[in-house]
Amino acid sequence: MNVLNLLRIAFKALLRNKLRAFLTMLGIIIGVAAVIAMVAIGQGSKESIQSQLSSMGSNMITILPSSNVAGGARLGGTSVNTLTIDDVKAIRKQAENVSAVSPAANSSGQAINGALNWPTTIYGVSPSYLDIRKWALKDGIPFSDEDVRASAKVCLLGQTVVTNLFPNGDNPIGKIIRFNNIPFQVIGVLEAKGQSSFGQDQDDAIIAPYTTVQKRILASIYFRTIYASAVSESASDAATDEITSILRKQHRLRSSDEDDFQVRTMAELISALSSTSNLLTILLTAIAGISLVIGGIGIMNIMYVSVTERTREIGLRMSIGARGIDILMQFLIEAIMISITGGIIGVILGISSAKLITIFLSWPTLVSESSIVLSFLVCAATGVFFGYYPAQKASRLDPIEALRYE
C-alpha cells in the first residue's frame with residue numbers, strides 16, 4: 001500500500017470523528033501557541049533591553065566610587081567620595097582608547113517656573129556628556145567649555161520637565177527657571193529618550209555645567225559618576241583596563257589594595273540582562289512545553305481507543321493482504337496528522353497571541369522563524385513518539401482474533 005493511499009485512509013478516519021480529533025489536537029494547539037508566545041515575549045524583551053541600552057551609548061563606560069573593604073563589608077558608591085576632576089583629566093589625557101570623558105554630579109530638588117513646580121534631578125556634566133549618551137538637542141544650543149569654566153547658570157531641559165513647567169506649549173528657550181531657588185537660564189531642550197530598561201524616565205532631568213552644580217548646589221568637589229566613551233564598541237575592554245590602571249595610579253593604590261572605584265561597560269550590562277531574559281524565556285518555554293507533553297499523551301490515549309474500535313477493520317485489511325508495516329504506517333500517519341494539524345493551528349494562534357499582547361499590553365514581542373520551525377519539529381516528533389506504540393500494537397494483531405472481535 002503506497003503512502004498516498006495511507007494518507008487518504010488516515011484523513012477519512014479523522015473526518016469520521018472530527019470532534020474527537022479536534023479535542024485531541026487541543027493539547028498540541030495550546031502547547032505550541034504557548035511556546036511561540038512565550039518565546040516571542042522573551043525575544044522581544046531581550047531586543048527591547050538591548051535597544052534601550054544601546055540608545056544610552058553602546059560604547060559608554062561608567063565609573064562609580066566605592067570603598068575598600070572595611071569591617072568585612074563594602075560600602076556603596078553613594079557612601080564614599082573617591083572621584084575628582086583630577087581623575088577626569090588623567091583619563092582624558094592618558095587613555096588612548098577613550099574618545100570622551102565627562103564627570104557627573106547630581107542632586108534632586110524642585111524645579112520652579114513661576115507658580116509651577118516639578119520634582120526632578122539636575123545633572124552637572126561637561127559638554128561631552130551629550131556625545132557619550134548619544135543625546136541630541138531638539139531646540140536651542142548646548143553649553144560650552146567656557147560655561148563650565150565660568151560656572152554659568154545655564155541648563156538644558158528634558159522633555160518631561162518641559163511638559164510640566166511649560167504646559168501651555170510655551171518655548172522655554174531663554175526663560176529663567178529656578179532649581180532649589182537658584183536661577184538657571186534655559187538654553188536648550190533635549191530630544192525625548194523615554195524610559196530606560198530599569199523603568200526610569202530619562203527625560204525627567206535638567207542638564208547643567210558640573211562646576212555650577214558642584215559649587216552652587218552640592219558644595220562638593222567629588223563626583224557621583226564619571227562617564228566615558230570608548231573609541232569603538234570592540235575597544236570597550238581595552239578602555240576599561242586603561243581606566244582601571246590610570247585610576248589606581250591616581251588614587252595611589254598599592255598592588256595589594258582593592259580598587260576604590262568600579263568600572264562598568266554597557267556590554268557587561270547588556271550581557272547580564274540578556275542572560276536573565278534568556279533564563280526567563282527558557283523557564284516560561286519549559287512550562288509551556290508541558291502542554292505539548294500532555295497533548296502527546298492525549299494522542300496516545302486516542303490512538304489506543306481508535307485501535308480498539310477498529311480491531312475488526314484491522315483484521316479485515318490484514319486478511320486481504322495488508323502487511324503489518326502497512327497497518328503500523330496507517331495509524332502512525334493518523335497520529336502525525338493530528339499532531340501536525342494541531343501544530344499549524346497552534347502556530348497561527350501563537351503568532352496572533354503575540355500580536356495581541358503587543359497591542360493590548362504594550363509588551364515587546366518578537367516572533368522568530370526558529371521558534372516556528374522548532375514547533376513543527378516538536379509536533380512531528382510528538383506524533384511519532386506517542387503514536388508509535390499504539391500503531392505497533394495494531395500491526396501485531398492476529399487477523400483471525402481481530403475478525404472475531406466484537
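Computed from a predicted structure; not experimentally measured.

(A) How the structure looks around the overall build of the chain. Tallying secondary structure elements over the chain gives 13 helices and ten strands in all. With 406 residues in all, the chain has 46% of them scored as buried.

(B) Here's a closer look at the environment of I336. Within the element layout of this structure, I336 appears in helix 11 (residues 324-361). Classification of I336 by relative accessible area gives partly exposed; the value is 24%. Taking the C-alpha atoms as reference points, I336 and F385, separated by 49 residues in sequence, lie 9.4 Å from one another. In contact with I336, other than residues within four places in its own chain, are G383 and V384.

(C) Here's a closer look at the packing of aromatic side chains. In the structure shown here, the tally under the stated rule is four aromatic pairs. Aromatic pair Y129 and Y227: ring centres 5.4 Å apart, planes at 65°, arrangement edge-to-face. Linking Y129 in helix 4 (residues 129-132) with Y227 in strand 9 (residues 225-230), this pair joins segments that are 98 residues apart in sequence. Accessibility assignment for this pair places Y129 and Y227 in one class, buried. When the ring of Y304 is compared with that of Y389, the centres are 6.1 Å apart and the planes differ by 70°; the resulting orientation is edge-to-face. Linking Y304 in helix 9 (residues 266-309) with Y389 in helix 12 (residues 369-395), this pair joins segments that are 85 residues apart in sequence. Looking at K193, its charged tip hangs above the ring of W135, at a distance of 5.8 Å from the centre.

(D) View of the nonpolar core. Formed by 60 residues in total, the largest nonpolar core has its most connected members in I91, L157, I177, F184, I206 and I243. Membership of the second largest hydrophobic core comes to 31 residues, among which are A21, M25, I299 and I327.

(E) Local environment of the pairing of strand 10 (residues 261-265). Of the two faces of strand 10, only one is covered, namely that formed by F261, V263 and T265; the face formed by Q262 and R264 stays uncovered. The sheet contact formed by strand 1 (residues 60-65) and strand 10 spans five bridges and is antiparallel. Residue pairing for strand 10: I63 is matched across the bridge by V263.

(F) Seen up close, a nonpolar patch on the surface. A cluster of nonpolar side chains, contributed by L19, F22, L23, L26 and I30, occupies part of the molecular surface with about 470 Å² of accessible area. Its location among the elements puts F22 in helix 2 (residues 18-55).

(G) Spatial organisation of the pattern of salt bridges. Summed over all chains, the structure comprises five salt bridges. Between E309 and R20 there is a salt bridge, with the nearest N and O atoms lying 3.1 Å from each other. Residue E309 is located in helix 9, and its partner R20 is located in helix 2; the two are separated by 289 residues in the primary sequence. R254 is the salt-bridge partner of D257, the closest N and O atoms lying 3.6 Å from each other. Residue R254 is classed as exposed on the basis of its relative accessible area, which comes to 57%.

(H) The pairing of strand 3 (residues 116-125), seen in detail. Relative to strand 3, strand 2 (residues 98-113) runs antiparallel, the two sharing nine bridges. Within strand 3, the residue paired with N113 across the bridge is L116. Hairpin connection, strand 2 to strand 3: the antiparallel pair is bridged by two residues, and G114 has positive phi, about 65°. Bridge analysis of strand 3 against strand 8 (residues 206-209) gives four bridges, and the strand direction is parallel. Each bridged residue has a counterpart across the sheet, and for G124 the counterpart in strand 8 is A208.

(I) The arrangement of the UniProt feature "transmembrane region" (unreviewed entry) in the chain in detail. In this structure's numbering, the residues bearing the UniProt feature "transmembrane region" (unreviewed entry) are residues 21-42, 279-306, 327-351 and 371-389. Helix makes up 100% of residues 279-306 and strand 0%, with an end-to-end C-alpha separation of 41 Å.

(J) Spotlight on the side chain of D87. Mapped onto the elements of the fold, D87 is located in helix 3 (residues 85-94). One buried charged residue, D87, forms no salt bridge at all, with the nearest opposite charge on R252 at 8.6 Å. Excluding anything up to four places from it in sequence, D87 contacts T82, I226, L247, Q250 and H251.

(K) The side chain of T160, seen in detail. Counting through the fold element by element, T160 comes out in helix 6 (residues 159-165). A polar contact is formed between the side chain of T160 and the side chain of D201, at a distance of 2.7 Å. Once residues lying within four places of it in the same chain are set aside, the contact partners of T160 are W118, D201, D203 and D204.

(L) The confidence of the model for the chain, seen in detail. Across the chain, the average pLDDT comes to 85, with 90% of residues at or above 70. Long-range and interchain partners of residues 69-78, a stretch whose pLDDT sits below 50, account for eleven contacts in this model, where long-range means more than four residues apart.

(M) View of the packing of helix 1 (residues 3-16) against helix 11. Look at helix 1 against helix 11: their axes get within 9 Å of each other, and the N-to-C directions meet at 55°. It follows from the interaxial angle that helix 1 and helix 11 lie oblique. For helix 1 against helix 11, the interelement crossing comes out right-handed. Contacts between helix 1 and helix 11 involve L6, L7, I9, A10, F11, A13 and L14 on the former and, on the latter, D326, M329, Q330, I333, E334, M337 and I338. The residue makeup of the contact of helix 1 with helix 11, split by class, is eleven nonpolar, one polar and two charged.

(N) Up close: unusual backbone geometry. Residue N180 is not a glycine yet carries a positive backbone phi of 50°. Its place among the elements puts N180 in the loop between strand 6 (176-179) and strand 7 (182-190). You can call N180 partly exposed: its relative accessible area is 36%. A positive phi is found at R252, a non-glycine position, where the angle reads about 55°. Here R252 is to be found in the loop between helix 8 (236-250) and strand 10.

Thresholds applied
- Residues numbered from 1 in each chain as written.
- Predicted model: local features only at pLDDT ≥ 70, side-chain atom pairs only at ≥ 80, totals over all residues.
- Heavy atoms only, no water.
- Helix = DSSP H or I, 4+ residues; strand = E, 2+ residues; numbered from the N terminus.
- Buried < 20%, exposed > 50% of the residue type's maximum accessible area, 1.4 Å probe, protein only.
- Contact = heavy atoms within 4.5 Å.
- Phe/Tyr/Trp six-rings, centres within 6.5 Å; stacked < 30°, edge-to-face > 60°.
- Lys NZ or Arg CZ within 6 Å of the ring centre and 35° of its normal.
- Core = buried A, V, L, I, M, F, W, Y, C linked by side-chain atoms within 4.5 Å.
- Pairing = 2+ DSSP bridges.
- Patch = residues over 30% accessible without salt bridge, like charges linked within 9 Å, V, L, I, M, F, W, Y side chains within 5 Å.
- Areas by Shrake-Rupley, 256 points an atom, 1.4 Å probe, with all protein chains shown as cover.
- Salt bridge = Lys/Arg side-chain N within 4 Å of Asp/Glu carboxyl O.
- UniProt positions renumbered as here; feature names shortened; annotations may be inferred.
- Lys, Arg positive; Asp, Glu negative; His and termini not counted.
- Polar contact = N/O pair within 3.5 Å; in protein donor to acceptor, adjacent residues only side chain to side chain.
- pLDDT = per-residue confidence, 0-100.
- Axes fitted to C-alpha atoms, helices over the stretch in contact; angles between N-to-C directions.
- Parallel < 35°, antiparallel > 145°, perpendicular 65-115°, else oblique.
- Left-handed = near helix turned anticlockwise from the far one by under 90°.
- Nonpolar A, V, L, I, M, F, W, Y, C, P; charged D, E, K, R; others polar.

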